[in-house]
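What follows is the residue order along each chain.
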Amino acid sequence: GAGVSQSPRYKVAKRGQDVALRCDPISGHVSLFWYQQALGQGPEFLTYFQNEAQLDKSGLPSDRFFAERPEGSVSTLKIQRTQQEDSAVYLCASSFRQGGNTEAFFGQGTRLTVV
Amino acid sequence: AQSVAQPEDQVKVAEGNPLTVKCTYSVSGNPYLFWYVQYPNRGLQFLLKYITGDNLVKGSYGFEAEFNKSQTSFHLKKPSALVSDSALYFCAVRDMAGRRALTFGSGTRLQVQP
């Protein structure tokens, strides 16, 4: 596609519900990142994939958060037993190369509201 | 550990005037530095990056940024602001020898007044 696509754009979940957020990166992009952006804050790193391998998950805030990219393209971020503090915009980004000097392209994000 | 500071929550300038959005960083090694812009209900858009070489980097929409190693700064500049430049600007850093993910500042809201 033309850019990084995320779905759904908006998600309202009841506390305790499980949610799944989808990211379609730019075709051919090797690297994929998930970030969490709280209201009025900058994005904070959650996890990083190189192809299908999850190389860094140091930013996941708890074991309720799980991400996968089984075929090295589409990725899903799953949050189990959602809590109010999980309310945020979840951003996905992809980049073509593995190198750290390559800029990442971001999707529009999924706004999660836990009520 | 790496970190970014954007000391101004908000910057206001008049249309046609030069603008500066400040950013300082901290990394243990050499930095890769980025500026992104975020419009309402939109994702982050890449503006420019510093990797190596010339300290003055030119990017999209007439923006530029100057890398200053001694002051650990990477301020974003534009000679003549447009009302359409009004948005949220984020500075980000990655340590060349560190993890792949970016560390972002808290953002600066730029308001360009007609």
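All figures in this text were calculated on a predicted structure; none of them were measured in a lab.

Caption draft 1: Broad picture of the pattern of salt bridges. Residue and element names in this part refer to chain B. Inspection of every chain in the model, using the stated rule, returns seven salt bridges over all chains. In this structure, K78 engages D85 in a salt bridge whose closest nitrogen and oxygen atoms are separated by 2.8 Å. Note on K78: relative accessible area 8%, which makes it buried.

Caption draft 2: Broad picture of the state of the cysteines. Applying the stated rule across the entire model yields two disulfides over all chains. Note that C23 of chain A is cross-linked by a disulfide to C92 of chain A, the S-S spacing being 1.9 Å. An S-S torsion of about -65° defines the bridge between C23 of chain A and C92 of chain A as left-handed. With C23 of chain A in strand β3 (residues 19–24) and C92 of chain A in strand β9 (residues 88–95), this residue pair connects regions lying 69 residues apart in the sequence. Accessibility classification places C23 of chain A together with C92 of chain A in one group, the buried group. Put simply, C23 of chain B and C91 of chain B are joined by a disulfide, and their sulfur atoms are 2.0 Å apart. Handedness here is read from the sign of the S-S torsion; for C23 of chain B and C91 of chain B, about -60°, the answer is left-handed. With C23 of chain B in the loop between β3 (19–21) and β4 (24–26) and C91 of chain B in strand β10 (residues 87–95), the pair connects residues that are 68 residues apart, well separated along the chain. The exposure classification of C23 of chain B matches that of C91 of chain B, with both residues buried.

Rules used in this analysis
- Residues numbered from 1 in each chain as written.
- Chains lettered and ligands numbered in written order.
- Predicted model: local features only at pLDDT ≥ 70, side-chain atom pairs only at ≥ 80, totals over all residues.
- Heavy atoms only, no water.
- Salt bridge = Lys/Arg side-chain N within 4 Å of Asp/Glu carboxyl O.
- Buried < 20%, exposed > 50% of the residue type's maximum accessible area, 1.4 Å probe, protein only.
- Disulfide = S-S within 2.5 Å.
- Helix = DSSP H or I, 4+ residues; strand = E, 2+ residues; numbered from the N terminus.

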